[in-house]
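Structure assessment
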Amino acid sequence: MNAQKTEGTEKNNIVQTVLTAGAIFAFMLALNHFMPIHRDDYDYSLIWGTGVHVGTFSDVLSSAMQHYLLHGGRMMTVICLELFLWLGKPAFDTANALMFLALAVLVTMHALRRAEIRHAPGLLAAAALMLWLALPHFGEVAVWKSGSTVYLWSAVPAFLFLLPYNLALKSMECGIQRRCAWAVLPMLLLGICAGWSIENLAVTIVLLAFGICLYVWRRYAYLPPWMVAGALGALLGLIGLVAAPGNYVRYDEQGTGKGILAHIGNQFAGQGEMLLYLLPVLLLILTIWRLYRRARAGMETAPAERAGTGTILLAAALVLLAVSYFTGGWVAGAIRDAMIGGVLTPLGLTKPKTIHLFTNLMNGFEEMAIYWLAILLFYARLKQQLGLTAASIRTAASRVPAGELLRSSPTLRYAAFLIALGVCNNLVMLAAPTFPGRATFSSAAMFVTAALALLGTPALRSLLSAATRRTIAAAGILLFAYTGTAALLITHEMGAADAARIAQIEEARARGETVVHFPRIDRTNRALRHVYYEDWDNNVTKEGAIKYFGLTNIVVDK
């Protein structure tokens, strides 16, 4: 009877995992389908440095080599980008949706430290949701063609490459050693792909692979040959990435005149922006840390508290902003006008570009404020349900130091290592002339893996009461409903507007005209950067589209 029940539960888990994976893929496929060819996509649809369309696979390779010599070393991602742009948008949309699903699967496997997830449909869903919420500039790095191949498509082979190392370390901790001689060549090739990805992640992978090799050799006096092959492959990939002549051409253009202080300032900006996106993930990690510390301190679970004044004020502010957001954005408009009239004007900061940039910032103010207030409201509710008062948190901290807490839990140590690895992965960007928020992609994924590791450990997950789990589930569903629905609707609208422009270009070319005039797109909402689209008067789209369509000018109405 028990065997039948266990078999039934296992089949149910497998079905739920398949359905979860299918839902993740379907959502991402829809989002990719609505996303039009945009900005750099036009340049990469042409053989690099020419106006000739990519028409064969040899054109793909020729263009990638030209790019390598003239612009940058990311040959692997450029080949993928140009190959799928040549194959067509439906093929790219499908591949990109599969890549996001693959990343969700891989971070779940790293969190569980096992190579299967068929018994963890809930954790896979949590992985996809956290990646959706926490990856900075999601539309730019996971949906837009030229961006996703650089960031998402680099992270997948990197996380896949590191998985055997992670699993081997866990096996060795249990006294199991396997040579796996057959894996030498696959790991060498996978290491090259992982190392020939994106600069900061590639450096981190090489250091981590060689560091694991050294650790295993010193601790176990044993080193599987595939580990060495993988590390050497990653090093070869990194050399191929950084030795590209095009890197020095681009660095001369972007890095001239930037001293060390500018690079340090970039770190504060990049790391800070990543933490803002990671807010729900960080609060979840903090909550489990505090609950475990309270349990180790031998303190009884405090009774749930009623909503306080702060929670009520948060809820009121959230309602006010939500009403404003759906009725024209009058709260953001009032703040914008007050800042322009009361701060920028007295300071003499009234140049059209300054006002435009500030107005653009305020256009996204309400959607960001609603998101952060909703997160803080749910977090306040969690603390009330769990009885995590300021006094109890201080008492637990005084009884159990952080070091003792880490020594008592392998999962906490593993999560702490992933967080530290994410920070160090960003620090590699200190050498770069710029550090945009999108470059924190892989670090944010490491933080997500740390949170999933805590949720995937039964002893830690059980610290969350049933009511608390329901609150977390409700928060996740509502945040996804808010951002996911907005992203689909806005991206669909942008895709339709873009398609109308393409049709207008084709009609103009049929008449022999080479200049087109477009009305300006008024929509400015970006669904917390899950939508990435800029009007055609930006130089990247304009210049690329002119070459792609054989035009002489594109004019967007003022």
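It should be noted that the structure appears before, not after, this text.
This report concerns the structure included in the present document.

Conventions we followed
- Residues numbered from 1 in each chain as written.
- Predicted model: local features only at pLDDT ≥ 70, side-chain atom pairs only at ≥ 80, totals over all residues.
- Heavy atoms only, no water.
- Helix = DSSP H or I, 4+ residues; strand = E, 2+ residues; numbered from the N terminus.
- Rg over C-alpha atoms; globule rule 2.2 N^0.38 Å.
- Buried < 20%, exposed > 50% of the residue type's maximum accessible area, 1.4 Å probe, protein only.
- Contact = heavy atoms within 4.5 Å.
- Areas by Shrake-Rupley, 256 points an atom, 1.4 Å probe, with all protein chains shown as cover.
- Lys, Arg positive; Asp, Glu negative; His and termini not counted.
- Charge placed at Lys NZ, Arg CZ, Asp CG, Glu CD.
- 1 Å grid on protein atoms, 1.4 Å probe; cavity = no way out; pocket = protein on both sides within 12 Å on 5 of 7 lines; lining within 4 Å.
- Points joined across faces, edges and corners; volume = space filled by probe spheres on them.
- Nonpolar A, V, L, I, M, F, W, Y, C, P; charged D, E, K, R; others polar.
- Axes fitted to C-alpha atoms, helices over the stretch in contact; angles between N-to-C directions.
- Parallel < 35°, antiparallel > 145°, perpendicular 65-115°, else oblique.
- Left-handed = near helix turned anticlockwise from the far one by under 90°.

The next thing to look at is the overall build of the chain. Helix and strand content of the chain: 26 helices and two strands. The C-alpha atoms of the chain give a radius of gyration of 25 Å, which matches the 24 Å a tight globule of 558 residues would have. Projected onto its principal axes, the C-alpha coordinates of the chain cover approximately 80 × 65 × 55 Å. Across the 558 residues that make up the chain, the buried fraction comes to 49%. Of all intrachain contacts in the chain linking residues separated by at least 6 positions in sequence, the fraction that spans at least 24 positions is 80%. Carbon and sulfur atoms make up 67% of the accessible area of the chain, which amounts to about 25700 Å² in all. For the chain, the distance from the average position of its 44 positive side-chain charges to the average position of its 32 negative side-chain charges is 14 Å.

The next thing to look at is empty space enclosed by the protein. According to the stated counting rule, one finds one cavity of 30 Å³ or more in the structure shown. Residue lining of the largest cavity: Y151, S154, A155, I198, N200, L201, R438, A439, F441 and S442, and that is the complete set. For the lining of the largest cavity, a count of residues per class yields six nonpolar, three polar and one charged.

A word on the packing of helix 9 (residues 152–173) against helix 23 (residues 441–455). Following both chains from N to C, one finds helix 9 and helix 23 inclined at 50°, their axes separated by 10 Å at the closest point. In terms of orientation, helix 9 lies oblique with respect to helix 23. Here the hand of the crossing between helix 9 and helix 23 comes out right-handed. Residue-level contacts link L152, A155 and F159 of helix 9 to F441, S442, A445, M446 and T449 of helix 23.

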